[in-house]
Amino acid sequence: MNTIPDSRRRWLAHPWLSLVIGLCWLLLQGSITVANMLWAAVLGIGLPWLVHGFLGPGARVRRPAAAVRLALVVLLDIVRANVAVAALVLDPRRAPRPAWVEVAHGLQAPQAVALLATIITTTPGTVSCVVDEERGVILVHALDAPDPQAVIDEILLRYAQPLKEILE
C-alpha cells in the first residue's frame, strides 16, 4: 500500500525556478567555472526542494512566448519607471500627485495574482498594498497618478491580460 501523498517532495518539482536560481547564481558569481556550475546546480535543485512545502504546486505556463514578452515588457517598464521617479524626485518644480487605486484584475490563478502584485511592487512608483482575494482586487499606491484610471488601465493591459493568457 502506497502511503506517500501526491504532494511529496520531488527533486525537480519546480524546474523553471531551479533554472532561474542556477542562472542567478552564475550571474552573481560573474564567471562560469566548474565549481560555480556545480554550486548553481546544487542551489537550483536543492533550494526548491527544501522550500517545496511553502511553494505548493507549480504553475503551468500555457504560452511561453507570451511569458517572454511579458518579462521584456516588465524589464522595460522598470527602466522607464526608474527614470520617471528619478525625474520626479530630482526636479524641485514637480510635485507628485499620489493616489490609491483599486485594480480589479479578474485573475483566477493564485500564482497569477501573486505575480501581478509582485510586478506592480517591483516597478518603481507603484506598490501593491493589499491583495483582496475575495473581491479580486489589488489596492495599489501610485507615487504620481494625475489620472488614476490610466494607472489601472495600464496595469490591466500591460500585466494582467498577459498573465491571464500565460497562466489561466
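What comes next concerns the included structure. (Residues numbered from 1 in each chain as written. Predicted model: local features only at pLDDT ≥ 70, side-chain atom pairs only at ≥ 80, totals over all residues. Heavy atoms only, no water.)

Following the sequence through the fold, Ala-71 ends up in helix α4 (residues 64-90). As for Ala-71 and Glu-165, which are separated by 94 residues in sequence, their C-alpha atoms are 14 Å apart. (Helix = DSSP H or I, 4+ residues; strand = E, 2+ residues; numbered from the N terminus.)

What follows concerns the layout of surface pockets. Of the voids in this model, the largest pocket is the one considered here, and its volume is about 1,200 Å³. Trp-16, Leu-17, Val-20, Val-61 and Leu-115 are, among the 30 residues lining the largest pocket, the residues nearest its centre. Those elements that provide at least two residues to the lining of the largest pocket are α1 (15-29), α4, α5 (110-122) and α6 (148-167). The element contributing the most residues to the lining of the largest pocket is α1, with eight residues. (1 Å grid on protein atoms, 1.4 Å probe; cavity = no way out; pocket = protein on both sides within 12 Å on 5 of 7 lines; lining within 4 Å. Points joined across faces, edges and corners; volume = space filled by probe spheres on them.)

A word on a nonpolar patch on the surface. A surface patch of nonpolar side chains, about 570 Å² in accessible area, is lined by Leu-17, Leu-47, Leu-50, Val-51, Phe-54 and Leu-55. Mapped onto the elements of the fold, Leu-50 is located in helix α2 (residues 34-50). (Patch = residues over 30% accessible without salt bridge, like charges linked within 9 Å, V, L, I, M, F, W, Y side chains within 5 Å. Areas by Shrake-Rupley, 256 points an atom, 1.4 Å probe, with all protein chains shown as cover. Salt bridge = Lys/Arg side-chain N within 4 Å of Asp/Glu carboxyl O.)

Moving on to the pattern of salt bridges. Tallying each qualifying case throughout the model produces ten salt bridges. Here Glu-165 ties to Arg-63 by a salt bridge, and the two come within 3.4 Å at their closest N and O atoms. Taken together, the positions of Glu-165 in helix α6 and Arg-63 in the loop between α3 (52-55) and α4 put the pair 102 residues apart, joining distant regions of the chain. Judged by relative accessible area, which is 32%, Glu-165 ranks as partly exposed. Linking Arg-93 and Asp-91 is a salt bridge whose minimum nitrogen-to-oxygen distance equals 3.1 Å. The network of salt bridges with common partners includes Asp-77, Arg-80, Glu-154 and Arg-158. (Buried < 20%, exposed > 50% of the residue type's maximum accessible area, 1.4 Å probe, protein only.)

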